[in-house]
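So the chains spell out like this:
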Amino acid sequence: MKVISAREREVKAYSKRLSVEVEGKVYGVFLYWDDQDGYQTTWYEGSQWVEEPKAIQDKAEEEDTSVGYLLEEMEEIAYA
């Protein structure tokens, strides 16, 4: 018996668009991750760019993680 072929897809970057509710307000978030720089998030309210909400910054700091990672963790819980 032997392996004739194998494929592996290496992920070096990805992006997602999320809807996130923070303190009753719904935001659109573009989440980007790459293996060089880690997570970046861009927040929108409607079509307007807005600053990242302080509440999510505080939660990420409390969890000792980045906002991007925290959002991904919250996404996994939502689909569990």
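Residues numbered from 1 in each chain as written. Predicted model: local features only at pLDDT ≥ 70, side-chain atom pairs only at ≥ 80, totals over all residues. Heavy atoms only, no water.

With respect to unusual backbone geometry
Counted only if it meets this: Note on conventions: DSSP H or I runs of at least 4 residues are helices, E runs of at least 2 residues are strands, and numbering of each starts at the N terminus.
The phi angle at E23 is positive, at roughly 50°, despite the residue not being glycine. Topologically, E23 is positioned in the loop between β1 (13–22) and β2 (25–34). Although it is not a glycine, D64 sits at a positive phi angle of roughly 55°. If you trace the backbone, D64 turns up in the loop between α1 (54–62) and α2 (67–78).

Some thoughts on the packing of aromatic side chains
Selection criterion: Each Phe, Tyr or Trp ring, with Trp reduced to its six-membered ring, pairs with another whose centre is within 6.5 Å; inter-plane angles below 30 degrees give stacked pairs, above 60 give edge-to-face pairs, and intermediate values give tilted ones. Each residue is assigned to one of three classes by its accessible area relative to the maximum for its type, calculated with a 1.4 Å probe on protein chains only: buried under 20%, partly exposed between the two thresholds, exposed over 50%.
Using the criterion set out here, one finds four aromatic pairs in the structure. Centre to centre, the rings of Y27 and W43 are 5.6 Å apart; their planes meet at 80°, and the pair counts as edge-to-face. Pair noted here: Y27 is in strand β2 and W43 is in strand β3 (residues 38–45), with a separation of 16 residues, a long-range link. Both residues of the pair, Y27 and W43, count as buried. For the pair F30 and Y44, a centre-to-centre distance of 5.5 Å together with 85° between the ring planes defines the contact as edge-to-face. With F30 in strand β2 and Y44 in strand β3, this pair connects stretches of sequence that are 14 residues apart. Judged by relative accessible area, which is 36%, F30 ranks as partly exposed.

What about the pattern of salt bridges?
We count it as follows: One speaks of a salt bridge when a side-chain nitrogen belonging to Lys or Arg is within 4 Å of a carboxyl oxygen belonging to Asp or Glu.
Tallied over the full model, the rule gives six salt bridges. In this structure, K16 and E72 form a salt bridge, with 2.8 Å as the shortest nitrogen-oxygen distance. Of this pair, K16 sits in strand β1 while E72 sits in helix α2; the two residues are 56 residues apart in sequence, bridging distant segments of the chain. Of the charged contacts in the structure, one is a salt bridge between E63 and K59, with a shortest N-O distance of 3.2 Å.

Some remarks on the pairing of β3
As a reminder, the rule being used: By the convention used here, strands pair only if DSSP detects at least 2 bridges between them.
As paired strands, β2 and β3 are joined by seven bridges and run antiparallel to one another. Each bridged residue has a counterpart across the sheet, and for Y32 the counterpart in β3 is Q40. Here β2 folds back onto β3, and the loop between the two strands holds three residues. For β3 and strand β4 (residues 48–50), the ladder comprises three bridges, and the chain directions are antiparallel. Paired with Y44 across the strands is W49, a residue of β4. Connecting the antiparallel pair β3 and β4 is a turn made up of two residues, with G46 showing a positive phi of about 70°.

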